[in-house]
Amino acid sequence: MADRGNFGTKIGIILATAGSAVGLGNVWRFPFMTGQNGGAVFIILYFGCILLLGIPGMVSEFVIGRHAQANAYRAYGKMGGKAWRFVGILGILTSTIILGFYAVVAGWCLQYLFASFAGHLSGDAAYVRNYFQTFSSDPVKPCLWGVAFVLLTHLVIVRGVQRGIERASKILMPLLLILLVVIVVASCLLPGAGKGIEFLFKPDFSKVTHSVLLEALGQAFFSLSLGTACLCTYASYFSRQTNLLRSATQIALLDTAIAILAGLMIFPAAFSVGIQPDSGPSLIFITLPNVFQQAFSSMPAVGYVIGILFYALLVFAALTSTISMHEIGTAFFYEEMHLTRRKAAWILTAVCSVLAVFCSLSIGAVDGIRLFGLSLMDFCDLLTAQVMLPAGALLTSIMIGWFVPAKTVGDEFTNQGTVSLRLFGVWLFCVRFVVPLCILLIFLHQLGVI
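Presented here is an overview of the structure given in this document. (Residues numbered from 1 in each chain as written. Predicted model: local features only at pLDDT ≥ 70, side-chain atom pairs only at ≥ 80, totals over all residues. Heavy atoms only, no water.)

Time to look at the overall build of the protein chain. Looking only at helices and strands, the protein chain features 18 helices and 2 strands. Its C-alpha atoms put the protein chain at 65 × 50 × 45 Å along the principal axes. Here the protein chain holds 450 residues, and 59% of them are scored as buried. The contacts of the protein chain with a sequence gap of at least 6 include a subset with a gap of at least 24, amounting to 81%. Taken as a whole, the protein chain presents about 17200 Å² of accessible surface, with 68% of it coming from carbon and sulfur. (Helix = DSSP H or I, 4+ residues; strand = E, 2+ residues; numbered from the N terminus. Buried < 20%, exposed > 50% of the residue type's maximum accessible area, 1.4 Å probe, protein only. Contact = heavy atoms within 4.5 Å. Areas by Shrake-Rupley, 256 points an atom, 1.4 Å probe, with all protein chains shown as cover.)

Right, here's the structure in full:
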């Protein structure tokens, strides 16, 4: 096999892997899920779910990837036997489909960044809503922006692990954090911002319901990219000295911190102008442009800059995720078909670009691109979120917990005995019992059974 490359530094491992988890789910989905599910109490439940489901699930994929030092297809086969290779294939298919439709929304972020620079988002709420509807239904522009985002991702991937993924992560993640902090400070200084901060940090335990708990479980699951084979693929580039449990904990904490900062960015500004940010997909493209204009109406220049910084933040967050999703399939074609990295990357880029175009057309310009009564975009979202992701993560926990010898797993967990075994029993119990139960509950909740 050709030299695969490895991450060169510990900080590179943390930033690249955290970047795979940090995306629009943190900056957009987490705040509006928090808004819909009781604020601070949702965050407490979410953090508990990160500990019970997120970290054990991450370490499971880390164990598989680092043990095999290969793409997901080969890694699952090497760890569990040839019969388990299909789980790796499932992860590769899942990430490819997600990249295809995710690029559409990422392309919208690029368009809005350009529109913010050009001052095209200035106007009342009706104007902003009409701007989004006109743009998203255009047969050409959204397609071009979506393909542009896939190509932007491609430019990083073809440069390899250290010169591409790791270097980009070392630039993008600090920039993302800086932009977040700048907007958080500006948002928290607005009149009436205290109500938003209180909503985010003062728990009302009367709002705890089984539905809120299941939503917190689901958000923890999706936020950390469990089930996409992303963590397995990135772990294949870890060194043998990497402490897997410590790395997973650091990544989960960084991912959670960014999600909470995103809440601090959005809630104070929204409460300042009397808007609750629970409006779902329209939040970042319809509600927030108007929020920034209203919140900074006395300082229009500041509102203009904040708008630009916000959409730059979204672009960076989306790019850290698309890089990881692209790498999963690229590694497969590179190693299994014995292609150059450049050729392997072009296969993924071409497939995802075509999928992005059809997904974009299905929600605006062409009504006929539908499956089972849903637009192709919604169908891909539903298929991956409610079926493929939970199935991949569930099968991973079953394989590691019940089919791979505990000694093999323990040796990888402890770096061949050089790391403490003290928490191994707790982790293995979670992988065998807690993680499958949590994923099963998410599965049934997503399907509407419970």
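Running from N to C, helix 17 (residues 406-413) and helix 18 (residues 424-446) cross one another at 120°; their axes reach a closest spacing of 11 Å. If you check the angle between helix 17 and helix 18, you find them oblique. Relative to helix 18, helix 17 is oriented so that their crossing is right-handed. In this structure, helix 17 contributes Ala406, Val409, Gly410 and Phe413 to the contact, and helix 18 contributes Phe424, Trp427 and Leu428. Tallied by class, residues from the contact of helix 17 with helix 18 come to 6 nonpolar, 1 polar and no charged. (Axes fitted to C-alpha atoms, helices over the stretch in contact; angles between N-to-C directions. Parallel < 35°, antiparallel > 145°, perpendicular 65-115°, else oblique. Left-handed = near helix turned anticlockwise from the far one by under 90°. Nonpolar A, V, L, I, M, F, W, Y, C, P; charged D, E, K, R; others polar.)

This paragraph deals with a nonpolar patch on the surface. Taken together, the side chains of Val387, Leu447, Val449 and Ile450 define a hydrophobic patch exposed on the protein surface, amounting to about 340 Å² of accessible area. For Val449, a relative accessible area of 56% translates into the label exposed. (Patch = residues over 30% accessible without salt bridge, like charges linked within 9 Å, V, L, I, M, F, W, Y side chains within 5 Å. Salt bridge = Lys/Arg side-chain N within 4 Å of Asp/Glu carboxyl O.)

On to the nonpolar core. Across soluble globular proteins, nonpolar side chains show a tendency to be buried alongside one another. Met265, Phe310, Ile400 and Trp427 are the most contacted members of the largest nonpolar core, which has 167 residues in total. Residues in contact with Phe310, not counting those within four places in the same chain, are Val27, Ile183, Met265, Ile284, Leu288 and Phe292. (Core = buried A, V, L, I, M, F, W, Y, C linked by side-chain atoms within 4.5 Å.)

On the secondary structure map, His154 appears in helix 7 (residues 141-157). Owing to a relative accessible area of 3%, His154 belongs among the buried residues under this scheme. Apart from residues no more than four positions distant in its own chain, His154 is found in contact with His326, Arg342, Ala345, Trp346 and Thr349.

Okay, the pattern of salt bridges next. A full pass over the atoms with the stated rule returns 6 salt bridges. Between Arg66 and Glu412 there is a salt bridge, and its shortest N-O distance comes to 2.3 Å. Here Arg66 is found in helix 3 (residues 40-68), whereas its partner Glu412 is found in helix 17, with 346 residues between them in sequence. Residues Arg66 and Glu412 agree in their burial class; the two are buried. Measuring nitrogen to oxygen at the nearest pair gives 2.9 Å for the salt bridge that ties Glu327 to Arg341. Of this pair, Glu327 sits in helix 14 (residues 300-336) while Arg341 sits in helix 15 (residues 341-362), and the two are 14 residues apart along the sequence. Here the two residues Glu327 and Arg341 agree in accessibility, since each one is buried. Overlapping salt bridges, with partners in common, bring together Arg66, Arg240 and Glu412 in one network.

Running from N to C, helix 8 (residues 161-188) and helix 12 (residues 244-272) point in directions that differ by 30°, and their axes come no closer than 8 Å. Here the hand of the crossing between helix 8 and helix 12 comes out left-handed. Across the interface between the two elements, Met173, Leu176, Leu177, Leu180, Ile183, Val184, Ser187 and Cys188 from helix 8 touch Leu254, Ile258, Leu261, Ala262, Leu264, Met265, Pro268 and Ala269 from helix 12. Considering only residue class, the contact of helix 8 with helix 12 consists of 15 nonpolar, 1 polar and no charged.

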